[in-house]
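# Fold and contact review
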Amino acid sequence: MEIRPILASLRRHRIPAALIVLEIALACAVLCNAVFMIGQRMADIHWPNAIDEQGISVITVNGTDPALAASDIPRNLAALRGIAGVTAAAAATSMPLDQNPALTGFTTTPDGKTTVNTSVYFLGSGGEQALGLHLLQGRFFNADEYADSGLKNFQSTSHVLLVTQSDAQRLWPGQGALGKTLYANGESWTVVGVVGDVLAQDPKFSGPGGRYSSVFYPSHPDEMMGDYVLRNAPQDRDRVVREAVQALGRLEPGAVVEGKTYAQMRTDYFADTSSMVWMLVLVCVVMLAVTAFGIVGLTSFWVGQRRRQIGVRRAVGATRGHILQYFQTENFLLSSMGVAVGMVLAFGINLYLMSHYATSRMPWYYLPCGAIALWLIGQLAVLGPALRAAAVPPVVATRSV
Amino acid sequence: MFGYYLDLALRSLKRNKVLTTLMVLALALGIGATITTLAVLRLLSGDPIPQKSAQLFYPQLDPYPANQPFSRSGKRVPYLMSYIDAMNLIHARKAERQAAMAMSQVKLTPPSGVGKPFYAQGVLTTTDFFPMFDAPFQYGSGWTAADDEGRAQVAVIAGSLNDKLFGGANSVGRMIRIEDHDFRIIGVLRTWAPQPRFYAVHLGGHSYGEGDAVFVPLQGARADDLMPSTMMGYGKSIDVEHLETAPAIWLGLWVQLPNAADVAAYKMFLGNYAKEQVALGRYQRTDTALSGLMEWMRSEHVVPDDVRLQAGLAFGFLLICVVNTVGLLLAKCLRRSREIGVRRALGASRGAIFTQFMVEAAIVGVAGGVLGLVFAELGLWGIRHQPAQYASLAHLDLSMFLFTFVVALLASLVAGLLPAWRACVVAPAPQLKAV
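Cut-offs used in this document
- Residues numbered from 1 in each chain as written.
- Chains lettered and ligands numbered in written order.
- Predicted model: local features only at pLDDT ≥ 70, side-chain atom pairs only at ≥ 80, totals over all residues.
- Heavy atoms only, no water.
- Salt bridge = Lys/Arg side-chain N within 4 Å of Asp/Glu carboxyl O.
- Helix = DSSP H or I, 4+ residues; strand = E, 2+ residues; numbered from the N terminus.
- Buried < 20%, exposed > 50% of the residue type's maximum accessible area, 1.4 Å probe, protein only.
- Core = buried A, V, L, I, M, F, W, Y, C linked by side-chain atoms within 4.5 Å.
- Contact = heavy atoms within 4.5 Å.
- Phe/Tyr/Trp six-rings, centres within 6.5 Å; stacked < 30°, edge-to-face > 60°.
- Lys NZ or Arg CZ within 6 Å of the ring centre and 35° of its normal.
- Buried area = accessible area lost by both parts, 1.4 Å probe.
- Polar contact = N/O pair within 3.5 Å; in protein donor to acceptor, adjacent residues only side chain to side chain.

## Considerations on the pattern of salt bridges
Residues and elements named next belong to chain B. Following the criterion strictly, the structure yields 25 salt bridges over all chains and no others. With a shortest N-O distance of 3.1 Å, K52 and D134 are connected by a salt bridge. With K52 in the loop between α2 (17-44) and β1 (56-61) and D134 in the loop between α4 (129-132) and β4 (137-140), this residue pair connects regions lying 82 residues apart in the sequence. For D134, a relative accessible area of 32% gives the class partly exposed. Close ionic contact of R285 with D62 constitutes a salt bridge, the shortest N to O distance being 3.7 Å. Of this pair, R285 sits in the loop between α8 (260-280) and β12 (288-292) while D62 is found in the loop between β1 and α3 (83-92), placing the two residues 223 residues apart along the sequence. Taken together, the shared-partner salt bridges in this structure form one network comprising K332, R336, E339 and E360.

Below you can see the structure in the form of structure tokens.
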């Protein structure tokens, strides 16, 4: 395909050509950044979490009489275990993603410093099984450790704890974590086990450093334990939540009882994020549609304007394919120019977002992907008008001259 | 003359229905998206208390130990205050008004077993809170400084809670059960929900949405062990039994300073206070800060970043829509070169041609504005059904309504400039020759 005549023709229509280039450039820049943001947020929504998310339900009981915790919690657990389908039940102080952070900074030396906020979880007897923690090294807590441990002023009175895999590698790189000591606020604990990465109570607040920084302590029944974790088959979970809320409502008439499946907790935590994703997707789709229709409109006019020219070309021997190709090549050239400008613009916008918002650098491959998307849309948009141009009969050339 | 241009423009728009629809639709989508996001942004970044915000200030002190700075950079002054410091500043009475506050999720038990207990947002604060923030009373009043010191078990409740518990009747003098302790109601507020809830930044809870349900004296509530939602310790551990003396920050302090001289004096006072504390050995640093309300909202990023990003994105989208409209208008006007040639030959001036095409662009703009308004209402309806805490606030007010048309007209007139200019420089002779 000869490009020179196309360039010559574009030079005669500089302004409309520049407008198409500008529109494609803007669309490319916005598209790359929006898709990048969508990708980042989708990754957030799917943060892995090494507990049995599909099989857990959480019943939260608040406003109980603190003095009765030691006797009421075992009674409540016994009632919960009696619900058909419940395979394990335990009390806990908080849950991953429950947006109620209890954070402490742990160090490997008595007077060390840290900038990582570690989420602290206290589990009642059987808590590991109820949550479905993945034990990677060492052991879970034993009955004595559960019985002898509690919490005072948000601090564990125990001597042992479990750490996550991420923390084990961060705190003791290249060494085993088992048997090592962690320090915080003048107290110390020995690591007895390493578990798979469990999310923080509020990972967005804790930041990337604290996302998988979690520790687990054993504890006997304590007034701070407001969460009852139930493990059940995924298909039973809605019924289990209903029955558990009823059972605890009867046992604790003065308390406020709320139940949720863990899947629901995750959905709630990321509700803002997913609505942002939907909004971004919507804007991208509408923006591409507007761009495509803009190209259709402008090219249609071009075709209309050049009917006679096309007729002449057809009359002197150009095939329909030639005419079709002419418009397709023309669009390809314009798209290429637009995409080239657009990629630079996209990069610039990304730099701006990095300096003003908590955005990371856009990986390079988003740019060519955005370029390909706009090339495709350009070609699709031009197809209709180009086919109409190809259908212009050669006789037009003779008719109106 | 204008009527004639209008007629010409309408004829021209009617001739190409598909193209006209396309232009109007694109412009309307761009405007709809922009107005939706701007309405939300304006709402969220608005002044929560316009009549007072210039006088309200948020002081900060730094009690953190030398080897354990509050922030990584060591440059940020802690955003909450310890009980001792808050009380020292309140008792110093160096500002016209001053109040300390903490948020607490409290269990409310309805009277005489009617309904189940439920949780609501409570505020533990001191006497000046109500007059300083212009909280309007429907019944009764707030408590006094003597009530604060006397650890009085009194409460001010929100109108919505009064409706729920007492059917909207005057409940002053009745009892309310908070966290299993009885408090006597001494005041009922009218609807009061500043957006954002500026006084609760960093204290816990949401920044937008419904107002708080109960207000109780700080000392009295603490005597009943009501716990603040947020506590940050800087010592060995937080002794929750003795939060008042523990090395922990958990209070926000607001002061009212009517003029610049008061502000300067208060800054001086804060600096001297910090130096005094260093001399006493309580503090290691003399850093202090005093921010105005709106400045504090900005520096603490109260408006979610996502909302700002959305507004930026919508503007980008509007820009694309405007470029699109320019292109389509231009294509139209280039096709009408012959018509322009004839009009020019018959005596129309360049200005007349220019005006004619701008009128055409303006019509597209007005149509785009009307449709854009529909899209904006649709967008806001969508936002109201989102889980965001500010969802229920998303509405279009009169000024945004008018602003929509300004944006639409402006966008279409900017879009019309280039085509109209191209149209008015068309030389009439060659166009007539071709006929």
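Text resumes after the structure shown.
## Some thoughts on the nonpolar core
L133(A), F129(B), F133(B), Y199(B), F215(B) and W254(B) are the most contacted members of the largest nonpolar core, which totals 186 residues. For F215(B), the contacting residues outside a window of four places in its chain are V123(B), F129(B), F130(B), W143(B), V154(B), A155(B), V156(B), L189(B), W192(B) and Y199(B). Within the second largest apolar cluster, 51 residues are counted, among which are I176(B), I238(B), L243(B) and L257(B).

## Topic: the packing of aromatic side chains
Residue and element names in this part refer to chain B. Overall, the coordinates contain 39 aromatic pairs over all chains when judged by the stated rule. Pairing F129 with W192 gives two aromatic rings, centres 5.9 Å apart and planes at 85 degrees, and the pair type is edge-to-face. With F129 in helix α4 and W192 in the loop between β7 (181-189) and β8 (214-217), this pair connects stretches of sequence that are 63 residues apart. With respect to burial, F129 and W192 carry one shared label: buried. Three or more aromatic residues joined by ring pairs make a cluster, and in this case those are Y58, F129, F130, F133, F137, W143, W192, F198, Y199, F215, W254 and W296. The ring of F118 has K164 sitting right over it, with the charged end atom 3.8 Å from the ring centre. R222 extends its terminal NZ or CZ atom over the ring of W250, reaching a point 5.6 Å from the ring centre.

## Overview of the environment of I185(B)
Residues and elements named next belong to chain B. By the element assignment, I185 lies in strand β7. For the pair I185 and G173, spaced 12 residues apart in sequence, the C-alpha to C-alpha distance is 5.4 Å. In contact with I185, other than residues within four places in its own chain, are A155, I157, F166, S171, V172, G173, R174 and I176.

## Details of the interface of chain B and chain A
Counting residues at the interface gives 46 residues for chain B and 44 residues for chain A. Between chain B and chain A, roughly 3,900 Å² of surface is buried when both sides are summed, and carbon and sulfur atoms account for 74% of that area. The largest contributions to the chain B side of the interface with chain A come from L309(B), L313(B) and I320(B), which together make up 17% of the buried area. If you look at where chain B meets chain A, you find 1 salt bridge. Its salt-bridge partner being D306(B), residue R41(A) comes within 2.5 Å of it at the nearest N-O pair. Our count for the contact surface shared by chain B and chain A stands at 5 residue pairs in polar contact (both at pLDDT 80 or more). Put simply, the parts of the chain that give the side of chain B that touches chain A at least two residues each are α2, β3 (118-125), α10 (305-335) and α13 (398-424) of chain B. Tallying contributions element by element places α10(B) first for the side of chain B that touches chain A, with 20 residues.

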